[in-house]
Amino acid sequence: MYRLLNWGLGRGLWAAGRRCRGCAGRLLPEPAGGAGSGAEELQSRGAAALAWFSRPAASEEQQGEDAANAAEAEIIQLLKRAKLSIMKDEPEEAELILHDALRLAYQSDNKKAITYTYDLMNAEQLFKAAMSYLLGGGMKQEDNAIIEISLKLASIYAAQNKQEFALAGYEFCISTLEEKIEREKELAEDIMSVEEKANTHLLLGMCLDSCARYLLVSKRPSQAQRMYEKALQICQEIQGERHPQTIVLMSDLATTLDAQGHFDEAYIYMQRASDLARETDHPELHMVLSNLAAILMHRERYTQAKEIYQEALKQAELKRDEVSVQHIREELAELSRKSRLLT
């Protein structure tokens, strides 16, 4: 009935002002051999695959120059969408988009696009290679850059339903950061700045949020609830109650409470989230409202739920979010069915 909010918004907000040391620019440096060989392997694999395809005739190349340019533009858009899906922890969606990009890259014989697409499709291997390179260079396991890569790997394992690896990865990230924060909380500002401490707290919030999301999908709502509560507290303390990230976490905590049948408590959080979302013109207001309407349905307040769903639908249409539009229309249809049964 409800939906977790899309973290295309949240991922960037959690990390505001924070860059992954050692990860800026290229994911991997270009050492001779060693950890960098992962990208070279992908390049050679892409080049080998090209042998199965014949080049178009010269006359066709001349006639199809405009088509080639159009194909390249489409590939670029697909790769941008895929990267966005990866950032949003949606590897399955990213994989589908990348397969489309790869097909188009082969059809247009675009070697650079083929190589780059293979790189994105093998994120797990590249993250592991990047981590090995950074650790081999003397970086400590508790460094935020290592934690960020470990979080990405845990999210990949979660998407692959490798539960043991996913949970172990999340546990490593969370426990390592909690221990680090405890050790560093008394450090003077000339040793560690307030901003550095805040960034580590925000990274912990991101880890808690990602783990909570996985636990909720894995039908462990009580465990997810504890994670969301901690993440929300961090976000409120550092970024404030009106920050877009805080509002999203309120909504997700409410849906977790709702999943456990705690409808009244869920309503309190969701009502506050929707009020703040309206006041701040939140970019995902329509999803917050949709979640509020779902909780109202569970409390059997059907008339109010219908009003909120209709408001959410208007907002989703303005945002041109077709997925949300379809979801809300389905919920309205279900609401109408329930209302008819009561009359």
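Quick caveat: nothing in here was measured; it's all calculated off a predicted structure.

Across the interface, helix 13 (residues 263-279) lies against helix 14 (residues 285-298) with an axial gap of 9 Å and an inter-helix angle of 155°. Overall, the two elements helix 13 and helix 14 adopt an arrangement that is roughly antiparallel. As helix 13 runs across helix 14, the sense of the crossing is left-handed. Packed against helix 13, whose contacting residues are Phe263, Ala266, Tyr267, Met270, Gln271, Ala273, Ser274, Ala277 and Arg278, the element helix 14 presents Leu285, Val288, Leu289, Asn291, Leu292, Ile295, Leu296 and His298 at the interface.

The UniProt record annotates "coiled-coil region" (unreviewed entry) at residues 299-338. The annotated region residues 299-338 carries 88% helix and 0% strand content, and the separation between its end C-alpha atoms amounts to 13 Å.

To continue, consider the environment of tyrosine 228. Mapped onto the elements of the fold, tyrosine 228 is located in helix 11 (residues 221-239). Residue classification places tyrosine 228 among the buried positions, given a relative accessible area of 0%. Sequence separation between tyrosine 228 and alanine 254 is 26 residues; the distance between their C-alpha atoms is 9.4 Å.

The next subject is the nonpolar core. Core analysis: the biggest nonpolar cluster contains 70 residues, and Tyr170, Cys207 and Tyr309 have the highest contact counts within it. The residues contacting cysteine 207, other than those within four sequence positions of it, are Ile147, Leu151, Tyr170, Cys173, Ile174 and Leu177. In this structure, Leu79, Ala101, Leu104 and Ala113 belong to the second largest nonpolar core, which totals 14 residues.

On average, residues of the protein carry a pLDDT of 79, and 76% of them reach 70 or more. Overall, residues 6-13 carries pLDDT values under 50, and its contacts beyond four positions in sequence, including any with other chains, amount to 28 contacts. A low-confidence stretch, residues 15-61 (pLDDT under 50), is modelled with 57 contacts involving residues beyond four sequence positions or located in other chains.

The next thing to look at is the environment of alanine 101. Considering the arrangement of structural elements, one finds alanine 101 in helix 5 (residues 91-107). On the accessibility criterion, alanine 101 (0% relative accessible area) is buried. Taking C-alpha positions, alanine 101 is 8.0 Å from alanine 113, a pair spaced twelve residues apart along the chain. Excluding its chain neighbours within four sequence positions, the residues that come into contact with alanine 101 are Ile75, Leu78, Leu79 and Thr117.

Let us look at helix 8 (residues 144-159). Helical geometry: 3.6 residues make up each α-helical turn, so side chains three or four residues apart lie on a common side. When the terminal C-alpha atoms of helix 8 are compared, their 23 Å separation across 16 residues agrees well with the 22 Å that a helix rising 1.5 Å per residue should span. Counting buried positions over the 16 residues of helix 8 gives 14, a clear majority of the element. Between a side-chain oxygen at the N-terminus of helix 8 and the backbone nitrogen of alanine 145 the separation is 2.9 Å; the capping residue is aspartate 143. Positive phi appears at asparagine 161, one or two residues downstream of helix 8, with a value of about 60°.

Turning our attention to the pattern of salt bridges. Inspection of every chain in the model, using the stated rule, returns eleven salt bridges. For the salt bridge of arginine 213 with aspartate 252, the shortest nitrogen-to-oxygen distance reads 3.1 Å. One end of the pair, arginine 213, is in helix 10 (residues 194-217); the other, aspartate 252, is in helix 12 (residues 244-259), and 39 residues separate them in sequence. A salt bridge links arginine 278 to aspartate 275; the nearest nitrogen and oxygen atoms lie 3.8 Å apart. Highlighted residues: arginine 278 and aspartate 275, both in helix 13, separated by three residues, approximately one helical turn. Classification of arginine 278 as partly exposed rests on a relative accessible area of 33%.

What follows covers unusual backbone geometry. Positive phi values are uncommon outside glycine, yet lysine 219 reaches one of about 65°. Along the polypeptide, lysine 219 turns up in the loop between helix 10 and helix 11. When its relative accessible area of 70% is taken as the criterion, lysine 219 is described as exposed.

Parameters at a glance
Residues numbered from 1 in each chain as written. Predicted model: local features only at pLDDT ≥ 70, side-chain atom pairs only at ≥ 80, totals over all residues. Heavy atoms only, no water. Axes fitted to C-alpha atoms, helices over the stretch in contact; angles between N-to-C directions. Helix = DSSP H or I, 4+ residues; strand = E, 2+ residues; numbered from the N terminus. Parallel < 35°, antiparallel > 145°, perpendicular 65-115°, else oblique. Left-handed = near helix turned anticlockwise from the far one by under 90°. Contact = heavy atoms within 4.5 Å. UniProt positions renumbered as here; feature names shortened; annotations may be inferred. Buried < 20%, exposed > 50% of the residue type's maximum accessible area, 1.4 Å probe, protein only. Core = buried A, V, L, I, M, F, W, Y, C linked by side-chain atoms within 4.5 Å. pLDDT = per-residue confidence, 0-100. Expected span 1.5 Å × (residues − 1). Polar contact = N/O pair within 3.5 Å; in protein donor to acceptor, adjacent residues only side chain to side chain. Salt bridge = Lys/Arg side-chain N within 4 Å of Asp/Glu carboxyl O.

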